[in-house]
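Descriptive structure summary
Read off the chains here:
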Amino acid sequence: MVMCLVSGVSYAQMSDEAVVSYIATSLSEGKSQAQIASELLSKGVTEAQQRRLMKKYRSGKVDISEFKAKAKTIDEVYSTKETNVEADKARVQAEKPVPFIIKDKSGIYGHDMFSGAELTFEPNENAATPEGYVLGPGDELLIEVWGDNEVSIKSKISPEGKLIIPQVGALNLSGLNIAQATSKIRSAMGRRYSGILSNSSSMSVTISEVRTVQVNVIGEVVRPGTYRLSAFTTVFNALYHAGGVTPVGSLRDVKVIRGGKQIASVDVYEFLFSGNTTQNVSLRDGDVLMIPAYSGLVTVNGGVKRPMIYETREGDSVRDMLAYAGGFASGAYDGEVVVARMGAQKNRMYTVPASEFDSFALADGDTLTVNVNADKTLYDNIVEIRGAVVRPGKYAVGGDIATVRQLIEHAGGLLDDAFLSRAQILREKKDRSLEIMAIPVKAIIDGAAEDVTLRGNDVLVIANANEINKKGDLTITGFVKNPGDYQYAANMTIEDLVLMAGGLADGASESRVDVSRRIVDPKSTEAADTLSSLYTFALKDGLLTGDGEKFELMPFDVVSVRKSPSYVAQKLVTVSGEITFPGQYTLISNEERVSDLIKRAGGPTPNAYVGGGLIRRKINQYERDVHSTMAKIAKLNNQKDTLERDKFTISEIYNVGVDMDKAISHPGTDYDLVLRDGDELIIPEVTRTVRIQGEVLYPNTIHFIEGKSVNYYIKSAGGYSSDAKKSKVYVVYQNGTVAVGRMAPIKPGCEIIVPSKPERRKLSPGEWLGIGTSAASLAAMITTIIKLL
């Protein structure tokens, strides 16, 4: 629940219905939720009543239908606690000066204890009432009698301290504990119910509702003020409701003042470090909780488990502070600590040995540093064994591991492939630089050589013979399913390597398999022209024949399985448009031509315009390389002219102009193009129009008339424009070919393009001056030559 600042005036407790009505009315008046919650608390609404009301509201036991039009839910009214707490804390911290010592992001240890939502220290009002609990105005008692007499009475102690019992009278219970009050009530009740005194009836007295007490929290807290809290409340709970301490507040000397006198000084660290709750004093009505500023802060860093800032009390020693920080961390030097102390004029540094940890008192602003070993990997009794042993690793030297032989035995012994001729010990010298010692491992194991004594940080390295004499891999290329490198093994044949590579791929040649072998001559003294030895074999059913049957591969051999000369993957071409059977076709031979494909596809349809047919062809790698080379040349010759470079832009598909009429009428000639893989043959339908565009007055499309010339169609488009270049008229035919000139024949579906004249750039005065200067120089040169002649 939200605990806001309230005045010291005490109000009579409001009923549940009055609370709901007050919320509705306040909301209709435009009051904020936080303001309503604060006013309710000031009017005596306790936390117990708030919890009970919310429980009834959520279970539907409170009828608020008449308030729904203008009231929000009670949940919303009491939902601003966390936001208000954080806002208030941020405001107070912004307003108060932060001490210079608070620079560590971790902050002061324990200062966030009372600002979280998890640890509230709320009193348990469902627990049995302590016998020492002192009654006061506002406590509600439940008196139950059973046996010969049965009665249940619930009554609240009045502000005057009296409890009204029907048919019995008024009893003054204020200031009595629960045990004393029970005895007094028993005597008074016995006069009305005789069974109580004769023990034929039993009686119990319990607190059905605990009163609230008014507590003042002052000093260095986030939200100082007056709070109405449960009568069971304690110092910790009051600190929680006040938002905790400020950055300069003390957790080591929280003062409890009662009746103008200090009755307790609470050290919260006792709870934080030992779980001791005896100092968590219960508060009474009118108590004052005063939080002073801290008396001292000490920063602990270095090799401790919890480096932070800690609050100190007078007399706290280095030993105390190390305990607060959790003790020494691993690798920390526990023989001494360093204390840096800030003075009024000069700072001082103290080296405190372990013998003075209990006596050296710390002061405000001290920084305690625990030094850590610079090299945590440094040992003085460790040896390591690497390489060809069963259990390589690190071992403690000494005792039964003092020599090379003993270390090998503790490591499980040597592996079968251990290189025994020579091993190495890497040993540190005094300056921690390394030196190498060569040792005869086999001789030491056999007892033929003296065993070598080990030192701390020695590293014994026993090499692997296979790694020293590692054979080269074998390589297989060409028509196998998984070409690549494979590990060499003795007695391996070509068949074995082919099998490891997944077998022969489709199209592999069995008539030729090549093996290239390195020339190895360790005794040679000069370079040779021969680079490798070549062996060629034939296969039958995947096995070598002839001389290859006993051929064994050697390290670094390269086996090449060739492609069968007659193996060619199917080549597909496509026929589309006005053809009888359009679709994909497989080329039968390398010389299949346009006329052959049209014949296989059933010939053109009656609506086909064969003369406009064209071929769309995919660029191959050779053409791509040529285009790329030309683009590079253009870029080098004319780096500023992007238009020139754009002429060499590579397109993956291009059109091939073909006279399909002549290809069909003259099969096998140059008109009849040879097809290649990926070609698409397109035969359009008859188009009886001619399109005119470019530098004409009215670019449009005109109906085709047999025999009409270029000029006829240009006139039909309004004639040439003033910028037209009449001598360079282009005619683009449907088959992709282009004719130049006004005498070009016109065919159905073609386009006439009239280009524009190039723009003439006028010369600037400077350029004219340059021309004049050049002319004058030329005239002078001519005059000189004439004189010489």
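Residues numbered from 1 in each chain as written. Predicted model: local features only at pLDDT ≥ 70, side-chain atom pairs only at ≥ 80, totals over all residues. Heavy atoms only, no water.

Along the protein, the regular secondary structure elements total 20 helices and 37 strands. Per-residue burial over the protein gives 38% buried out of 789 residues. For the protein, the accessible area works out to roughly 44800 Å², and carbon and sulfur atoms hold 52% of it. (Helix = DSSP H or I, 4+ residues; strand = E, 2+ residues; numbered from the N terminus. Buried < 20%, exposed > 50% of the residue type's maximum accessible area, 1.4 Å probe, protein only. Areas by Shrake-Rupley, 256 points an atom, 1.4 Å probe, with all protein chains shown as cover.)

Take the pattern of salt bridges next. Overall, the coordinates contain 21 salt bridges when judged by the stated rule. Of the charged contacts in the structure, one is a salt bridge between aspartate 366 and arginine 341, with a shortest N-O distance of 2.8 Å. With aspartate 366 in the loop between strand E14 (348–353) and strand E15 (367–370) and arginine 341 in strand E13 (residues 336–341), this residue pair connects regions lying 25 residues apart in the sequence. Linking arginine 517 and aspartate 557 is a salt bridge whose minimum nitrogen-to-oxygen distance equals 2.8 Å. (Salt bridge = Lys/Arg side-chain N within 4 Å of Asp/Glu carboxyl O.)

Another point: the side chain of aspartate 672. Relative to the elements of secondary structure, aspartate 672 occurs in the loop between helix H18 (660–665) and strand E32 (680–683). Arginine 593 provides the closest opposite charge to the buried, salt-bridge-free aspartate 672, at an N-O distance of 4.9 Å. Of note is the side chain of aspartate 672, whose polar atom sits 3.1 Å from the backbone nitrogen of valine 594. Within the structure, aspartate 672 has its side chain in polar contact with the side chain of serine 595 (distance 2.4 Å). (Lys, Arg positive; Asp, Glu negative; His and termini not counted. Polar contact = N/O pair within 3.5 Å; in protein donor to acceptor, adjacent residues only side chain to side chain.)

Here we come to unusual backbone geometry. The phi dihedral of asparagine 199 falls on the positive side, at around 65°, and the residue is not glycine. In this fold, asparagine 199 is placed in the loop between helix H7 (194–197) and strand E5 (201–209). The phi angle at phenylalanine 556 is positive, at roughly 75°, despite the residue not being glycine. With respect to the secondary-structure elements, phenylalanine 556 resides in the loop between strand E26 (543–544) and strand E27 (558–563).

With 15 residues, helix H6 (residues 178–192) should cover 21 Å at 1.5 Å per step; its first-to-last C-alpha distance of 21 Å lies within 8% of that length. Of all the positions in H6, only Ile178, Ala181, Ile185, Ala188, Met189 and Gly190 are classed as buried. Residues of H6 that are buried make contact with strand E1 (140–147), strand E2 (151–156), strand E3 (162–165), strand E4 (169–172), H7 and E5. Among the residues of H6, the N-terminal cap falls to asparagine 177, whose side-chain oxygen and the backbone nitrogen of alanine 179 are separated by 3.2 Å. (Expected span 1.5 Å × (residues − 1). Contact = heavy atoms within 4.5 Å.)

Turning our attention to the packing of aromatic side chains. One pair of aromatic rings is described through two measures. These are the centre distance and the angle between the planes. With the rule as written, the count across this model stands at 15 aromatic pairs. Here phenylalanine 273 and tyrosine 324 contribute two aromatic rings whose centre-to-centre distance is 4.7 Å and whose plane-to-plane angle is 25°, an arrangement assigned as stacked. Here phenylalanine 273 is found in helix H9 (residues 268–274), whereas its partner tyrosine 324 is found in helix H10 (residues 318–324), with 51 residues between them in sequence. A residue is classified by how much of its surface remains accessible, and phenylalanine 273, at 29% relative accessible area, is partly exposed. Taking the relative accessible area as the measure of exposure, tyrosine 324 reaches 12% and is therefore buried. Relative to phenylalanine 357, the ring of phenylalanine 328 lies with its centre 6.5 Å away and its plane at 35°, an arrangement referred to as tilted. Linking phenylalanine 328 in the loop between H10 and E13 with phenylalanine 357 in the loop between E14 and E15, this pair joins segments that are 29 residues apart in sequence. Take phenylalanine 328: its relative accessible area is 26%, and that puts it in the partly exposed class. With relative accessibility at 1%, the residue phenylalanine 357 sits in the buried group. (Phe/Tyr/Trp six-rings, centres within 6.5 Å; stacked < 30°, edge-to-face > 60°.)

What follows covers the pairing of E14. Where a strand is regular, its side chains alternate between the two sheet faces. Strand direction decides the pairing type here: E13 and E14, joined by six bridges, are antiparallel. Across the sheet, residue valine 338 finds its bridge partner in E14, namely threonine 351. The hairpin formed by E13 and E14 contains six residues between the paired strands. (Pairing = 2+ DSSP bridges.)

For the rest of this paragraph, the subject is the sheet that holds strand E8 (residues 254–258). Strand order in the open sheet formed by five strands is E7-E6-E10-E8-E9, with mixed pairing between adjacent strands. Two strands lie at the open edges of the sheet, namely strand E7 (225–230) and strand E9 (261–266), each paired on one side alone. Neighbouring strand axes in the sheet, compared pairwise and without regard to direction, differ in orientation by 30° on average. (Axes fitted to C-alpha atoms, helices over the stretch in contact; angles between N-to-C directions.)

Should the pLDDT be low somewhere, the predicted coordinates at that spot are not to be read in detail. Of all residues in the protein, 79% have pLDDT values of 70 or greater, and the mean over the chain is 81. Contacts for the low-pLDDT stretch residues 1–12, under 50 throughout, to residues beyond four places or in other chains number 46 contacts. Predicted confidence for residues 64–106 stays below pLDDT 50, and this span has 75 contacts to residues more than four positions away or in other chains. (pLDDT = per-residue confidence, 0-100.)

In this section: the nonpolar core. Counting residues in hydrophobic clusters, the biggest one holds 72 residues, and the most contacted among them are Ile185, Met189, Val235 and Leu368. Every residue in contact with methionine 189, bar those within four places of it in the chain, is listed here: Ile143, Val145, Val151, Ile153, Ile165, Val168, Ile196 and Met203. Core analysis: the next-biggest nonpolar cluster, separate from the first, contains 21 residues, Ala388, Ala418, Ile444 and Leu460 among them. (Core = buried A, V, L, I, M, F, W, Y, C linked by side-chain atoms within 4.5 Å.)

Okay, the sheet that holds strand E35 (residues 730–732) next. Remark on secondary structure: sheet strands pair via backbone hydrogen bonds, oriented parallel or antiparallel. The strand order across the open sheet built from five strands is E34-E33-E37-E35-E36, with neighbouring strands paired in mixed fashion. Strands with a single pairing partner mark the edges of an open sheet, and in this sheet they are strand E34 (700–703) and strand E36 (738–740). Taking each pair of neighbouring strands and ignoring which way they run, the sheet shows an average axis angle of 20°. By the bridge criterion, three bridges tie E35 to E36 in an arrangement that is antiparallel. Bridge pairing in E36 links valine 731 to alanine 739.

Tracing the chain through its elements places glycine 603 in the loop between helix H15 (594–600) and strand E30 (614–618). For glycine 603, a relative accessible area of 12% puts it in the buried group. The spatial distance from the C-alpha of glycine 603 to the C-alpha of glutamate 578 is 8.9 Å, given a sequence separation of 25 residues. If we skip the residues at most four places from it in the chain, glycine 603 touches Ile579, Thr580 and Ile598.

Along the chain, valine 397 falls in the loop between strand E17 (393–396) and helix H11 (404–410). Placed 15 residues apart in sequence, valine 397 and isoleucine 382 show a C-alpha to C-alpha distance of 5.4 Å. Each residue touching valine 397, except ones within four places of it in the same chain, is listed here: Asn381, Ile382, Val383, Leu454 and Gly456.

The next thing to look at is a positive patch on the surface. A surface patch of like charges, here positive, comprises Lys726, Arg742, Lys757 and Arg760. Looking at the element boundaries, arginine 742 is found in the loop between E36 and strand E37 (751–754). (Patch = residues over 30% accessible without salt bridge, like charges linked within 9 Å, V, L, I, M, F, W, Y side chains within 5 Å. Charge placed at Lys NZ, Arg CZ, Asp CG, Glu CD.)

We now examine a nonpolar patch on the surface. Where nonpolar side chains cluster on the molecular surface, the patch consists of Tyr622, Val626, Met630 and Ile633 and spans about 390 Å² of accessible area. The residue isoleucine 633 is located in helix H16 (residues 621–637) in this model.

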